[in-house]
Every structure is written in structure tokens, then in C-alpha cells.
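Coordinate analysis (summary)
In case you want the letters, here they are:
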Amino acid sequence: MLTKAAVLRNIGGPLYIEELEVPALKSGQVLVKILASGLCHSQLNEIKGRKGKEYIPHLMGHEASGIVLDIGEGVKKVKNDDYVVVSWIKGEGIEAEPPKYKSEKGLVNAGPAATFLEYAVISENRVVSIDKKVNPSVAALLGCAVLTGGGIAKNLNIKKDDTAAVFGIGGVGASALIKTQSLGARTTAIDIVDWKLKWAKEALGVEAINPAEINLRKFDFVIECSGSKEAMEKAFESAKDNGIVVLAGNLPPAAKISIDPFDLIKGKKILGSWGGGTFLDKDMPGFVEEHLGGVLPLAKLITKEYTFNQINEGLNDLESGKLIKGVVLMKQ
């Protein structure tokens, strides 16, 4: 079987649309027809070489929706024709060997959940079946942005009328906003981009301010998703003395932040987060149920949909701050 795929061949990009040969399935692998794939800042980091240069040429993408076409030996959690979310976050099942695709220029590497292609070989523990009522573009976001941002908020034990702030209103930050708001917290969106503040006010009805306007020591919970050194430091300062700050953004390699350790002595806590602390099979059903029930209006996250041939345009829009969340549609 042949598939159209977006291949990273050089640090700095762009991605090249090529035709690859899909490898035969091995133990624990699942063949998925990709319907939609989300664009994430992690891909920008990969393009810049921040996640290792030794895997190039390779395939990217780590959140998608799709249909199972075939399963390899030992796969039990999904079957043919299942509607699935593909995620980089691990779940139940086999951790399968990463596939290698063939091209005219040689082998192309891929991780266990690479999704920037029409037909993808995915590890069993990176797929989970969901209700077919979920729109494919929304389902794609469940694979990373929602699990990460929503998972952070879900796992913080936020209660009604707590004060909460989210720094950085991209896909993860906006997902955290939606989930935090659903918990009844008095929620504030914080960003330096005016149109994102306007979006937060109009789409979600939350307070939205520039970081320069923040009152220090105001919030019970602060979730930082911008990946900015200055924002991380400001996020820490903006929490109450007994507040909790979660850092989810990624700084460039070797970059560091500065905090006043006396704040820690007074009771302030600073935490990190890996995928929102979620587990694919355990947490996905709850987010799907809340979305279908109207509690989590996840379609509001989608700024723009792109065709597969527009994938580089989508990544450029993401880097230039034009998106809350972009989705690539794999129409075949």
C-alpha cells in the first residue's frame, strides 16, 4: 500500500509531500486511515531540531482521528472499522516497534504515533476507540491538546469559585481554559496576543488580560502553557502564597527560569506536567462524554482547517500566532 505523507528531511523544514510505501504490520501495530490531524507546537520544536536530529528523515504529527483498517498480531483493544483517536500519550496495549516507511530516497523514520500521512502504522497503546458522534477534527484534538490542557485542570482538584489563570492561549492553554471553566472556577485567560484575548472573552466568556495587567498573588491555580521564560516567571508570581502553579510550556534547550525560593517556603507550589498527567484509556471516555454532553465545547478551539497540501501553511500560521488550534484534513 502507498500513502501520501509529509516528510521532514532537513532541520528548519519545510515538510515535503511524498509517496511512501506502508510497511507490513508487525506485532502490536495498527493500520489507521487518518481523517484529521492536529497541528501542535511540538512539531515546530521538531522542525527546529530540538527533539533530536538523528531521526531525520522522519514523519511528524501526534494527535489524530481515524478508522482502523487492519491490526497486527496480538492487538486486542481495537478492531477493523473502529473509530479511534491517535495520541502520543500512552494507554493500554502493546508498545509496538516504531515503523519505517520506504521512499525513493530510502527509509523514513516514524514514532509510535506519527499522523501526518494518509495511512499510518500506529502502536496499539497509542489508539483508543471513541464514539462516532465526535467530529473528526474535534476528535483529533483529543489526542494531545485536550488530554494535556484539560488533564492538567482535571487533576488539580479545582473547585467552584476558585480563582484560576491560564497563560498562553494556544491549543493546550485553551483546552485548560475550557476544562477549568467547566469546573466552576473564576477563570482568567492571559496572553500577549490581542485577538486571542478577544477570542477567550467572546467564545468562552472568561476574563482575558495582558500579563502586564496581572495583580500578583491573585490566583489559587495557575497553568502556564506559553513556553515563555517571562511568562513562566510571571505565572509563578501571580499565584497566591498557597497557590499551585503548573508549567506545561517548553523552553528552548538549556533555558532556565528564576523564582524567589521564599515563595516556596511560604507554601506556594510549582509543578510540571507530562501530557496533563492523563492515561489514554482511562481519561478519554470522560472528555468524550463531556464534549458530547455540551460541557466541553471543543469545536471552539479550531481556528482553521487545512488540506493536506496546505500543511506547511498551517505550521507557519501556528508559529506566527494565528491559531488557537489548526487541523489538517486528510481527504482521500
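Here the structure is a predicted model, which means the values were calculated and not measured.

As a further point, take the sheet that holds strand E16 (residues 269–272). The strand order E13-E12-E11-E14-E15-E16 describes an open sheet built from six strands, whose pairing is parallel. Two strands in the sheet have a free side with no partner beyond their single neighbour: strand E13 (207–209) and E16. When the angles between neighbouring strand axes are averaged without regard to direction, this sheet yields 20°. By the bridge criterion, three bridges tie strand E12 (residues 186–190) to E13 in an arrangement that is parallel. Paired with Ala-189 across the two strands is Ala-208, which belongs to E13. In the packing of helix H6 (residues 229–238) onto the sheet, the strands contacted are strand E11 (163–167), strand E14 (219–224), strand E15 (239–247) and E16, and the crossing angle to E15 comes to about 150°.

This part covers helix H9 (residues 311–319). For H9, the full list of buried residues reads Ile-311, Gly-314, Leu-315, Asp-317 and Leu-318. Angularly, the buried residues of H9 cover 160° about the axis, an arc narrow enough to put them on a single face. Buried residues in H9 make contact with strand E1 (2–8), strand E2 (15–21), helix H1 (41–47), strand E17 (302–307) and strand E18 (325–329). Directly after H9, the chain includes Gly-321, whose backbone phi takes a positive value near 80°.

Before going further, it helps to spend a moment on the packing of helix H3 (residues 145–154) against helix H4 (residues 171–182). A pair of packed helices is characterised by two quantities: the angle between their axes and the separation of those axes. Running from N to C, H3 and H4 cross one another at 45°; their axes reach a closest spacing of 7 Å. Judged by the inter-axis angle, H3 sits oblique to H4. Both H3 and H4 take part in a crossing whose hand is right-handed. Two secondary-structure elements touch here, H3 through Ala-145, Val-146, Thr-148, Gly-149, Gly-150, Ala-153 and Lys-154 and H4 through Gly-171, Val-172, Ser-175, Ala-176, Lys-179 and Thr-180. Split by residue class, the contact of H3 with H4 holds five nonpolar, six polar and two charged.

Each value, and the rule that gives it
Residues numbered from 1 in each chain as written. Predicted model: local features only at pLDDT ≥ 70, side-chain atom pairs only at ≥ 80, totals over all residues. Heavy atoms only, no water. Pairing = 2+ DSSP bridges. Helix = DSSP H or I, 4+ residues; strand = E, 2+ residues; numbered from the N terminus. Axes fitted to C-alpha atoms, helices over the stretch in contact; angles between N-to-C directions. Contact = heavy atoms within 4.5 Å. Buried < 20%, exposed > 50% of the residue type's maximum accessible area, 1.4 Å probe, protein only. Arc of directions from axis to C-beta. Parallel < 35°, antiparallel > 145°, perpendicular 65-115°, else oblique. Left-handed = near helix turned anticlockwise from the far one by under 90°. Nonpolar A, V, L, I, M, F, W, Y, C, P; charged D, E, K, R; others polar.

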